[in-house]
Amino acid sequence: MFEKLIRELEQLERNQLKVDVTDSVPIDLEGYIDRECPASDCLFTFKVLAADWWSDKVKDEAAYCPFCGHEAPARSWFTTEQVEYQKAKAMGVLTNIIDEAMEADASEWNQRQRRNAFIKITMNVSKAPREVILPVSAADPMRLKISCEKCACQYAVVGSAFFCPACGTSAAEHVFRQSLSAVRASVASLPAVRASVSDADTAENLCRLILEAGLQNVVMAFQRFAEALYERHSRTHKKPRRNAFQNLDEGSDLWKEAFGTKYDVHLSEIDLSALNIFFQQRHLLAHLEGIIDQKYIEKSGDTRYLVGQRIVLRQDSVLRCLELTENLARGMAQDAGVQF
Ligand SMILES: [Zn+2]
Ligand SMILES: [Zn+2]
């Protein structure tokens, strides 16, 4: 009775169902497509210039999440919405095949019934109303656009990005600038924090924490930036000691070996000693809860404090640290031949 249906089902079992889903990855107004990290605890959504994603820049075997760095084959980056659309479209094609086969079986069966038979069984196929599958639309363009320094792949994110989706390279310069603007923005938010927290002690503590975290973030961002530049562009193939770039003297010596210039080409002696104090303060905040020890006084030359006191960070100090770090980094990028 169901010969055609059985044949179709057997054929489906042998061959995979082929559904054209080329329209499941729409391109937005700026030429970018939506992608989503397949790591279940990340699911970061981002955009890649369509021309880059479908070119040799992105390898079939590996693409990378700009946020968490997860690596997966290029076919694994469909967004939830794109996958849902593909499933709905495949279901539609499947339902069509089954409906048509059943209709053919029914009409063949009905034709075989003898006209004057005493009992006549006819078969009627009633089709469920079809759902209309709306094509996916691309999400709105994202403002933050990044071009990879290494492979030139262009991608866009909301918030932060740390890796290139095509080559996985850490976007060091971009991440560095991103960290500095985050610190700048949090310092700028201090009046709003003071105004919105009614308890004066809590408000002051919160502001102190923001400033201390800001200083630490600037120094850490600089360290990662310097490491990345050194690793990629250094003329020597020496591997520096871990955290070497947290120390300005040591970093400056390494830089001279690698690029021929010391930090003092980029910052005056006064600026360098001011920056050295900030770098040493970061060490105190990270390891000694901000309490001054003898080593701090020796290494920083900061005589404003006695051992056992706690450092006091003001807003202008954090901004000054940020400015000096940025100036130094700009010079270092020049040394390494990198756009800043
Ligand atoms: Zn991810
Ligand atoms: Zn890249």
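What you are looking at is a predicted structure, and each value in this text was computed from that prediction instead of being measured.

Novice: Could you clarify how one ought to interpret the domain arrangement of the protein in this entry?
Specialist: It is common to give the size of an interface as the accessible area lost on bringing the parts into contact. Here the protein is partitioned into domain 1 (1-27 + 80-135) and domain 2 (208-335). Centre-to-centre, using C-alpha coordinates, domain 1 lies 68 Å away from domain 2.

Novice: Would you take a moment to explain the packing of helix H4 (residues 172-188) against helix H6 (residues 200-233) for this structure?
Specialist: Helix-helix packing: each pair is described by the crossing angle between the helix axes and the interaxial distance. Where H4 contacts H6, the two axes come as close as 9 Å, and the packing angle between them is 170°. Classified by the angle between their axes, H4 and H6 sit roughly antiparallel to one another. Facing H4, whose interface residues are Ala172, Glu173, Phe176, Ser179, Leu180, Val183, Ser186 and Val187, H6 presents Ile210, Leu211, Gly214, Asn217, Val218, Ala221, Phe222, Phe225, Ala228, Leu229 and Arg232. Split into classes, the residues belonging to the contact of H4 with H6 amount to 13 nonpolar, four polar and two charged.

Novice: Whenever I open this one, the sheet that holds strand S1 (residues 32-36) confuses me. Can you help?
Specialist: With respect to topology, four strands assemble into an open sheet ordered S1-S2-S6-S5, the strand pairing being antiparallel. Whereas interior strands pair on both sides, the edge strands pair on one side only; in this sheet they are S1 and strand S5 (144-147). Direction aside, neighbouring strands of the sheet carry axes that sit 30° apart on average. Sheet analysis places S5 next to strand S6 (residues 154-157), joined by four bridges and oriented antiparallel. For Leu144, the partnering residue across the bridge sits in S6 and is Val157.

Novice: I keep staring at the packing of aromatic side chains and nothing clicks. Help me out?
Specialist: To describe a pair of aromatic rings, one takes the distance between the centres and the angle between the planes. Tallying each qualifying case throughout the model produces 10 aromatic pairs. Consider the rings of Phe176 and Phe225, whose centres lie 4.5 Å apart with planes at 25°: the pair is stacked. Of this pair, Phe176 sits in helix H4 while Phe225 sits in helix H6, and the two are 49 residues apart along the sequence. For the pair Phe176 and Phe225, one class covers both residues: buried. Stacked on the ring of Tyr32, the Lys or Arg Lys145 has its end atom at 5.7 Å from the ring centre.

Novice: Sorry if this is basic, but what is going on with the coordination of the zinc ion (ligand 1) here?
Specialist: Where a metal carries four tetrahedral donors, each ideal angle is 109.5 degrees; where it carries six octahedral donors, the ideal angles are 90 or 180 degrees. All of the protein donors around the zinc ion (ligand 1) are Cys37 (SG), Cys42 (SG), Cys65 (SG) and Cys68 (SG); their distances to the metal are 2.2 to 2.4 Å. Relative to the metal, the four donor atoms surrounding the zinc ion (ligand 1) lie at angles of 105 to 114°, and the coordination shape comes out tetrahedral. Residue Cys37 is classed as buried on the basis of its relative accessible area, which comes to 0%. By relative accessible area, which is 23% here, Cys42 ends up partly exposed.

Novice: Hey, could you run me through the packing of helix H8 (residues 269-287) against helix H10 (residues 315-336) in this one?
Specialist: At a closest axis distance of 10 Å, the pairing of H8 and H10 adopts a crossing angle of 120°. Here H8 is positioned oblique relative to H10, judged by the angle of their axes. For the pair H8 and H10, the crossing hand works out as left-handed. Within the contact between the two elements, H8 uses Asp271, Ala274, Leu275, Phe278 and Phe279 and H10 uses Ser317, Arg320, Cys321, Leu324, Thr325 and Leu328.

Novice: In this structure, what is going on with the pairing of strand S2 (residues 45-49)? I would like to understand it.
Specialist: Consecutive side chains along a regular strand alternate between the two faces of the sheet. Of all five residues in S2, four are buried; the element is thus mostly enclosed. One ladder, built from five bridges, connects S1 with S2; its direction is antiparallel. Bridge pairing links Asp34 to Lys47 in S2. Bridge analysis of S2 against S6 gives two bridges, and the strand direction is antiparallel. Bridging across to S6, Lys47 finds its partner in Ala156.

Novice: Whenever I open this one, the coordination of the zinc ion (ligand 2) confuses me. Can you help?
Specialist: Note on the zinc ion (ligand 2): its protein donors are Cys148 (SG), Cys151 (SG), Cys164 (SG) and Cys167 (SG). The metal-donor distances range over 2.3 to 2.4 Å. Each of the four donor atoms bound to the zinc ion (ligand 2) contributes to angles spanning 105 to 115°, and the resulting shape is tetrahedral. If you list the donors of the zinc ion (ligand 2) from N- to C-terminus, the spacing comes out as C-x2-C-x12-C-x2-C. We classify Cys148 as buried; its relative accessible area is 8%.

How each quantity is defined
Residues numbered from 1 in each chain as written. Chains lettered and ligands numbered in written order. Predicted model: local features only at pLDDT ≥ 70, side-chain atom pairs only at ≥ 80, totals over all residues. Heavy atoms only, no water. Domains from an automatic or database assignment. Axes fitted to C-alpha atoms, helices over the stretch in contact; angles between N-to-C directions. Helix = DSSP H or I, 4+ residues; strand = E, 2+ residues; numbered from the N terminus. Parallel < 35°, antiparallel > 145°, perpendicular 65-115°, else oblique. Contact = heavy atoms within 4.5 Å. Nonpolar A, V, L, I, M, F, W, Y, C, P; charged D, E, K, R; others polar. Pairing = 2+ DSSP bridges. Phe/Tyr/Trp six-rings, centres within 6.5 Å; stacked < 30°, edge-to-face > 60°. Buried < 20%, exposed > 50% of the residue type's maximum accessible area, 1.4 Å probe, protein only. Lys NZ or Arg CZ within 6 Å of the ring centre and 35° of its normal. Donors = N, O, S within 2.8 Å, 3.2 Å for Na, K, Ca; no water. Tetrahedral: all angles 85-135°; square planar, octahedral: opposite > 155°, others 65-115°. Left-handed = near helix turned anticlockwise from the far one by under 90°.

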